[in-house]
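# Topology and contacts: notes
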There are 2 protein chains.
Amino acid sequence: MNKSEMVEVLSRYFEPWPHLSPDEQEGLLQNIRFMTFEKGASIHNGDNDCLGVLFVKTGMLRVYMLSEEGREITLFRINTGGICILSASCVLSSITFDVHIDAEEYTEALIIGAPYFSVLSEKNVYVQNFAYKLTADSFSDVMWTMQQILFMSLDKRLAILLWDELTKTGGSTLYMTHEQIARYIGSAREAVSRMLKYFSQEGIVELGRGSIKILDREKLRLLTK
Amino acid sequence: MNKSEMVEVLSRYFEPWPHLSPDEQEGLLQNIRFMTFEKGASIHNGDNDCLGVLFVKTGMLRVYMLSEEGREITLFRINTGGICILSASCVLSSITFDVHIDAEEYTEALIIGAPYFSVLSEKNVYVQNFAYKLTADSFSDVMWTMQQILFMSLDKRLAILLWDELTKTGGSTLYMTHEQIARYIGSAREAVSRMLKYFSQEGIVELGRGSIKILDREKLRLLTK
């Protein structure tokens with residue numbers, strides 16, 4: 001990626017860009033780099049690392065909580081065009097919690113390294129405001145997820161996930177393991193398997209090996225309400 | 001409260017104060033007001049109102065989620081000296097969720113009304129950054145709570161609550177109903193009653209009518225670990 005392409009990306013996705021001095025713009029261009037992550041790669045691992053701000057060019061990231069016993073709860077995902085700020089949490093003093101971030105698919109990203117981002121957000125209040133605003137976006141995502149987990153029954157959560165995946169993929173068969181689904185909706189694998197079995201008895205799905213075929217879209221849709 | 005007292009409070013608690021123009025400072029002083037809330041009063045009720053930013057002079061606020069079925073989950077509390085930003089969520093476009101806020105005790109607060117705060121945070125990036133930074137503080141509080149609710153066993157959550165209340169009140173008897181405790185720790189009353197009965201069988205507490213006397217502090221402390 002050459003410099004003018006980089007400038008185009010930044011002026012489009014990095015809101016504070018016009019509020020940067022020429023020196024700051026130059027500094028930023030020198031401290032931004034292109035990185036790729038294999039599917040499944042760990043990008044941020046609690047408080048052990050602090051990569052920086054990620055602009056997802058293509059791919060998908062998954063942000064999740066991890067308990068001491070290894071239980072995962074997916075908080076939200078970041079798609080192509082999205083920006084990941086929690087991977088720069090060390091820069092932001094008001095963020096005192098830690099999350100984990102994986103590449104859920106092969107991902108290409110532009111990264112402003114944490115050390116330079118720290119300098120920049122210290123000097124330029126527009127940059128800091130941009131970072132905290134993104135944090136508030138993440139907060140909103142997390143609150144939505146918490147509503148689902150804490151207040152919504154498992155059948156509804158499962159139906160919503162299947163419906164969303166259907167809409168995303170376009171087809172009628174989903175290739176996901178029960179383990180994966182459980183992680184996505186913050187439940188236990190056994191509970192998901194049980195509920196899927198119930199869905200299949202109801203004629204909503206047909207379960208295959210590592211696949212779920214949706215037989216009755218209307219029934220599924222009603223369950224999401 | 002006269003003007004010079006107000007200026008003192010603002011220059012102390014309102015971080016962006018020195019970054020305000022004389023006009024903005026004057027405008028703020030004209031748009032801040034003193035309010036009191038009775039114990040139990042509702043301050044913010046989902047998306048139905050948007051009072052503004054509250055500086056808690058004395059008292060305590062409770063911020064919580066409410067399910068459609070009326071189940072409450074306490075997210076965090078704001079004590080004397082704290083600032084409540086989620087009561088101005090309508091001003092901040094990145095906050096798309098809604099919470100409820102009650103006065104848990106008789107509370108006195110200074111309030112920057114939402115309409116003026118909106119104007120000010122639009123004009124002055126320092127004000128907006130202050131607001132989003134406070135939002136990130138709340139996010140950190142919520143993540144802590146979620147860790148407790150989702151990953152921690154009920155006995156530990158209950159022990160931590162009792163221990164915290166003990167420390168707060170100084171005495172050895174707590175006056176709380178099981179219903180209240182359940183709300184505080186995001187559980188069901190029945191589950192809390194069961195666990196308290198277990199605690200009492202273990203000689204940790206003695207249960208009275210609307211009261212819980214702590215008999216064995218050391219055992220309770222160990223449960224919080």
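Read on for an overview of the structure. (Residues numbered from 1 in each chain as written. Chains lettered and ligands numbered in written order. Predicted model: local features only at pLDDT ≥ 70, side-chain atom pairs only at ≥ 80, totals over all residues. Heavy atoms only, no water.)

The next point concerns the packing of aromatic side chains. As enumerated under the stated definition, the model contains nine aromatic pairs over all chains in all. Ring centres 4.6 Å apart and planes at 55 degrees place the aromatic pair A:F139 and B:F97 in the tilted group. Of the two residues, A:F139 is situated in helix 4 (residues 125-151) and B:F97 in the loop between strand 6 (83-84) and strand 7 (100-103); the pairing between them involves two chains. Judged by its relative accessible area of 9%, B:F97 is buried. Here the aromatic residues A:F97, A:F139, B:F97 and B:F139 are joined through ring pairs into a cluster of three or more. We note A:R77 situated over the ring of A:Y184; from NZ or CZ to the ring centre the distance is 4.0 Å. The cationic tip of B:R62 hangs over the ring face of B:Y64; the distance from NZ or CZ to the ring centre is 4.2 Å. (Phe/Tyr/Trp six-rings, centres within 6.5 Å; stacked < 30°, edge-to-face > 60°. Helix = DSSP H or I, 4+ residues; strand = E, 2+ residues; numbered from the N terminus. Buried < 20%, exposed > 50% of the residue type's maximum accessible area, 1.4 Å probe, protein only. Lys NZ or Arg CZ within 6 Å of the ring centre and 35° of its normal.)

Bringing the relation of the copies chain B and chain A into the picture now. Superposition of the two copies of the chain requires a rotation about an axis and a shift along the axis. Taken as rigid bodies, chain B and chain A are interconverted by a rotation of 180 degrees and an axial shift of 0.0 Å, the fit giving an RMSD of 0.2 Å. Each copy turns onto its partner about a two-fold axis. Scanning chain B for the C-alpha nearest the rotation axis identifies B:N129, at a separation of 2.3 Å. (Least-squares fit on C-alpha atoms with pLDDT ≥ 70 in both.)

Right, let's talk about the packing of helix 4 of chain A against helix 4 (residues 125-151) of chain B for a bit. Where helix 4 of chain A meets helix 4 of chain B, the closest approach of the two axes is 8 Å, and the angle between their N-to-C directions is 30 degrees. Along this stretch, helix 4 of chain A crosses helix 4 of chain B, giving a crossing that reads as left-handed. Residues of the contact of helix 4 of chain A with helix 4 of chain B, tallied by class, amount to 20 nonpolar, eight polar and two charged. (Axes fitted to C-alpha atoms, helices over the stretch in contact; angles between N-to-C directions. Left-handed = near helix turned anticlockwise from the far one by under 90°. Nonpolar A, V, L, I, M, F, W, Y, C, P; charged D, E, K, R; others polar.)

Moving on, we get to the side chain of B:H100. Residues and elements named next belong to chain B. For H100, the location among the structural elements is in strand 7. You can call H100 buried: its relative accessible area is 13%. Polar contacts involving the side chain of H100 include one to the side chain of N45, which spans 3.2 Å. Among all residues touching H100, those that are not within four sequence positions of it are H44, N45, G46, R62, V63, Y64 and L66. (Polar contact = N/O pair within 3.5 Å; in protein donor to acceptor, adjacent residues only side chain to side chain. Contact = heavy atoms within 4.5 Å.)

Two cysteines form a disulfide when their sulfur atoms are joined by a covalent bond. All names here are of chain A. Going through the model one piece at a time under the given rule, you end up with two disulfides over all chains. In this model, C50 is linked to C90 through a disulfide, with the two sulfur atoms separated by 1.9 Å. Here C50 and C90 share a disulfide; its torsion about the S-S bond, -85 degrees, makes the bridge left-handed. In this pair, C50 sits in the loop between strand 2 (42-45) and strand 3 (52-58) while C90 sits in the loop between strand 6 (83-84) and strand 7 (100-103), placing the two residues 40 residues apart along the sequence. Assessed through its relative accessible area of 21%, C50 is described here as partly exposed. For C90, a relative accessible area of 53% translates into the label exposed. Just so you know, C84 is unpaired, no disulfide at all, and the nearest cysteine sulfur is the one on C50, 10 Å from it. Among the residues examined, C84 registers a relative accessible area of 1% and is labelled buried. (Disulfide = S-S within 2.5 Å.)

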